[in-house]
Amino acid sequence: MACEEFQQGLSAFIDGELTGAEHARLVAHLQTCRECGVLLRQFQDTSHLVRTLTTPPAPAFLTESAMRAVRAMPKHIVEPWTARAHRLLFEPFFAKAGIGAVAAAAVVVLAVFADGEGWMKHLTPQGGDYRLASAPAIAPATDNDFRDPENHGRREVRTLEARQRFAWEHGVWHHERRFGRDGWWWEVNGAWYWYEQGSDGPPDYVSEVRFADSSQQGPSDPQLLAPPKQ
Amino acid sequence: MGIGGSSEQSLVKRLTQGDEAAWGRVFSTHRDKIYGFCLRMTRNREEAEDLSQEVFLRAVRAIGTFRGDASIKTWLYQIAHNLCLTRLAAAKRDKDRALNLTWIGEMTSAPPGADASVAGDDLRKAIELALGELDPVFREAILLREVEDQSYEEIAQVTATSVNTVKTRIHRARMKLQQQLAEFR
């Protein structure tokens, strides 16, 4: 093996990332090759120098916004169906039970899908006792303050008060059937807003199709459920 | 975080339930490290602060999707990796930043009580400059290895590459660094 090939392994050598056989070959080569030995010492010195770097402490405010988001989190997150199916199939009980478990898991999965949204009820507090907070209808004319005439009269999130906007931006997407309707649901503190399409971040307008989960203590910001007023 | 599998599972469960104490523990454990990583990747204090905040915010928002394939620490670094490289690629300012030395002041002041054996300011500045001149993917690999003390397997998970790619990147980074720091040896 040429020196160049051994040198490729020097970094992994000092990082302890070579296999036993690779390590032994390199050690044997280093006993006879001065050039590779010099490069190894240079790598070790460089590694030592970089490791002497100190990291400045982070400003405390860095995690303040994240902690506010934690406080705004629903305390019972609805498990997405994909995660639930994955957990049912691979959790230890089924994994240990062999072929019988596969059949059992298949039955469970079929039941889950046959049951529609029923399977989610026990995942939500108090069995998913929902109430219709607002009929999926056009909001009253008094909401005009929040409608953008150039954007199909929708209530834009940017028009919400800062506190409302913060709560809105810390909602969670769910892609599922809920309240008898398939689609994307933006959940904000127990209030559910329906959208035909999801997005990478929060929706930029407030859907007029909205429901409340009555099993929650109630939205921490009720104005988000009722059309906000300015 | 240096905790075992069942402890990690228990932690993840508490995080998904919005347990403030659990999140506080995650933040306090990883805040300095994530910030330091973002700072050395972007070489800009404001951007590092911005990105670090975004890392933790995204973690909170996405904890429901965390499947435990990696540790919480690795997951946070995955988010930081994605944000930093995306920011660098979008801004295309990386080359210009090599000429902007103001960020170095943030890194080269030894903290109070620092070990006397650590490198002096001139040497630290030279190391930071040499790191800054590396291609971002090489810089990232060597930082995760030397500063964050991660294994090749962990670095491969963070950067979504193979262990062999990590091995090559670290080797090339060390080759370039040892050339640039030769005068200090």
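Only a predicted model underlies this, so the values are computations on that prediction, with no experimental measurement involved. (Residues numbered from 1 in each chain as written. Chains lettered and ligands numbered in written order. Predicted model: local features only at pLDDT ≥ 70, side-chain atom pairs only at ≥ 80, totals over all residues.)

With that settled, consider the overall build of chain B. When helices and strands are tallied, chain B shows 10 helices and zero strands. When its helices and strands are written in sequence order, chain B yields α-α-α-α-α-α-α-α-α-α. Counting only residues that meet the buried cut, chain B has 41% of its 185 residues in that class. The contacts of chain B with a sequence gap of at least 6 include a subset with a gap of at least 24, amounting to 66%. (Helix = DSSP H or I, 4+ residues; strand = E, 2+ residues; numbered from the N terminus. Buried ≥ 20, exposed ≤ 12 C-beta atoms within 10 Å, placed from the backbone. Contact = placed C-beta atoms within 7 Å.)

Our focus in this paragraph is the interface of chain A and chain B. Put simply, an interface is often sized by how much accessible area is lost when its parts join up. The partner chain B presents 43 residues to the 33 residues of chain A that form the contact. Those elements giving two or more residues to the side of chain A that touches chain B turn out to be α2 (10–14), α4 (34–51) and α5 (64–71) of chain A. The dominant element in the side of chain A that touches chain B, judged by the number of residues it contributes, is α4(A), at eight residues. A per-class count over the side of chain A that touches chain B returns 17 nonpolar, 10 polar and six charged. (Nonpolar A, V, L, I, M, F, W, Y, C, P; charged D, E, K, R; others polar.)

This part takes up helix α9 (residues 152–159) of chain B. All names here are of chain B. For α9, the tally of buried residues reaches seven of eight residues, placing the bulk of the element in the interior. Listed as buried for α9 are Y152, E154, I155, A156, Q157, V158 and T159. Looking at the packing, one finds that the buried side of α9 touches α4 (72–91), α8 (136–147) and α10 (163–180). One or two positions beyond α9, positive phi appears at A160, with a value near 55°.

As a further point, take the environment of R174(B). Mapped onto the secondary structure, R174(B) falls in helix α10. A tally of 26 C-beta atoms within 10 Å means that R174(B) is categorised as buried. Not counting residues up to four positions away in its chain, the partners in contact with R174(B) are S11(A), F43(A), T46(A) and I142(B).

Moving on, we get to unusual backbone geometry. When glycine is set aside, most residues are seen to have a negative phi, and most peptide bonds are trans. Residue and element names in this part refer to chain B. One non-glycine residue, D149, lies in the positive phi region at around 60°. Of the residues examined, D149 has 10 C-beta atoms within 10 Å and is grouped as exposed. Look at A160: it is not a glycine, yet its phi comes out positive at around 55°. Structurally, A160 is set in the loop between α9 and α10.

Counting 66 residues, the largest nonpolar core has C38(B), V55(B), V60(B), L76(B), A80(B), A141(B) and I142(B) as the members making the most contacts within it. If near-sequence neighbours (up to four positions away) are discounted, A80(B) is found in contact with I34(B), F37(B), C38(B), L51(B) and V55(B). Counting six residues, the second-largest nonpolar core is a separate cluster that includes L10(A), A12(A), F13(A) and F43(A). (Core = buried A, V, L, I, M, F, W, Y, C linked by C-beta atoms within 7 Å.)

So, about the packing of α4(A) against α8(B). Across the interface, α4(A) lies against α8(B) with an axial gap of 9 Å and an inter-helix angle of 80°. Taken together, α4(A) and α8(B) sit at an angle that is classed as roughly perpendicular. Residue-level inspection shows S47(A), V50(A) and R51(A) of α4(A) in contact with α8(B), the latter providing I142(B), E146(B) and V147(B). Counted by class, the contact of α4(A) with α8(B) contains three nonpolar, one polar and two charged residues. (Axes fitted to C-alpha atoms, helices over the stretch in contact; angles between N-to-C directions. Parallel < 35°, antiparallel > 145°, perpendicular 65-115°, else oblique.)

Residues and elements named next belong to chain A. Turning to its location among the elements, C36 is positioned in helix α4. Separated by 29 residues in the primary sequence, C36 and Q7 have C-alpha atoms spaced 6.5 Å apart. Setting aside chain neighbours within four positions, we find C36 in contact with C3, F6, Q7, H29 and L30.

Taken residue by residue, a regular strand's side chains alternate between the two faces of the sheet. Residue and element names in this part refer to chain A. Both strand β5 (residues 181–188) and strand β6 (residues 191–195) contribute to a ladder of five bridges, which runs antiparallel. If you follow W185 over to β6, its bridge partner there is W194. Counting the residues that bridge the hairpin from β5 to β6 gives two residues, and of these N189 lies at a positive phi of roughly 50°. (Pairing = 2+ DSSP bridges.)

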